[in-house]
Amino acid sequence: MVADSMTGTGTGGEPESSDSLRTFGAVVQALREHAGLSRAELGDLVRYSKHTVTSVEQGRRMPDPAFVERAEEALGNLGALRRAAGCLARQPGLAAWFRQWARLEATAISLYTYECRVVPGLLQTEAYMRSVSLSVPPIPDEEELNERTAARLARQELLSTRRKPACAFSFIVEEAVLARGTGGTDVMRGQLDRLIDVIDRHWNVEVQVMPLRQPVHAGLDGPVRLLETPDNQWFAYSEGQQNGRLISDRKEISLLHHRYAKLRSQALTPEDSRSLLERTRGAL
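Residues numbered from 1 in each chain as written. Predicted model: local features only at pLDDT ≥ 70, side-chain atom pairs only at ≥ 80, totals over all residues. Heavy atoms only, no water.

## Examining the confidence of the model for the protein
Here is the rule: The predictor attaches a confidence to each residue, and that confidence, scored 0 to 100, is pLDDT. Contact between two residues is taken to exist if any of their heavy atoms lie within 4.5 Å; hydrogens are not considered.
Confidence in the prediction of the protein, expressed as mean pLDDT, is 87, and 90% of residues score 70 or more. Across residues 6-17 the pLDDT falls below 50, and counting only partners more than four positions away or on other chains, this stretch makes 72 contacts in the model.

Structure follows, in structure tokens:
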């Protein structure tokens, strides 16, 4: 997922399946076939599309509570789906490969993010989130889009200064991301307003912009994400097309720390970055 495997998900495609999702899907399929229903017929009964039923049965989609309840009633009220749903191990809207990182994020005391593709998910507006999700094929249906958006918005609670202890955030974003105009002028205007607002209202958030012209650049290998746990252990996360990798190896994390420190020195200062955001916003 570009922008936090919602995620995270990526920007396109459905989240990877997990064992619990595949098991739940197999139960739905078995009960549906026992009832003599096609996927389209079950979809009509539960008021979801055939595509959604297929995704659930194949373990690629987290069923929401309404789906579980309606499918339970449509397939005999045996209680099997309600019990199976209680064992599902994925948050709606989060890609399977992103789950472990998301759990670490929830209690992190430091979180560093360098992004060269999109505005980091924790800083996105809802309109920007939707534009990102609708940019990369396969295009999600409305239910999937709403699920991804809700998951990303929920993650933004991590920024709260009321967390104890509050997490210290550092974001480095390429100026090209701001100049790209994702979603159009209105979307970007709102997104720039959001960035400025976060800077002004969150003492625990530092935002730096990497200028377009930077002959020596430590981030040419791509995005970097690092976090520190309450017991001062560090993890890193690397993400690509439809996959992600949690990194715990100390040597690799040390290397990424060095790169991130270099990126911080190469980016504009927080003060100059805020000024650039204001100028960019004013030019729209």
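## Side note on the packing of aromatic side chains
Using the following cut-off: Two rings from Phe, Tyr or Trp (for Trp, the six-membered ring) form a pair when their centres sit within 6.5 Å of each other. Planes less than 30 degrees apart are called stacked, planes more than 60 degrees apart edge-to-face, and all others tilted. A run of H or I in DSSP becomes a helix once it reaches four residues, and a run of E becomes a strand once it reaches two; helices and strands are each numbered from the N terminus. Exposure classes here rest on a 1.4 Å probe applied to the protein chains alone. A residue is buried below 20% of its type maximum, exposed above 50%, and partly exposed in between.
Counted by the stated rule, this structure contains 5 aromatic pairs. Plain terms: the ring middles of Tyr48 and Phe67 are 5.4 Å apart, the flat faces sit at 70° to each other, and that makes the pair edge-to-face. In this pair, Tyr48 is assigned in the loop between α2 (39-46) and α3 (50-57) and Phe67 in helix α4 (residues 65-74), connecting sequence segments 19 residues apart. Both residues of the pair, Tyr48 and Phe67, count as buried.

## Observations regarding unusual backbone geometry
A cis amide bond links Pro137 with the next residue in sequence, Pro138, at an omega value of -5°. Position of Pro138 among the secondary structure elements: in the loop between α7 (126-133) and α8 (142-155). Phi at Arg47 takes a positive value of approximately 65°, unusual for a residue other than glycine. Position of Arg47 among the secondary structure elements: in the loop between α2 and α3. Of the residues examined, Arg47 reaches a relative accessible area of 58% and is grouped as exposed. A positive phi angle, near 65°, is found at Asn232, a position not held by glycine. The topology assignment puts Asn232 in the loop between β4 (224-228) and β5 (234-240).

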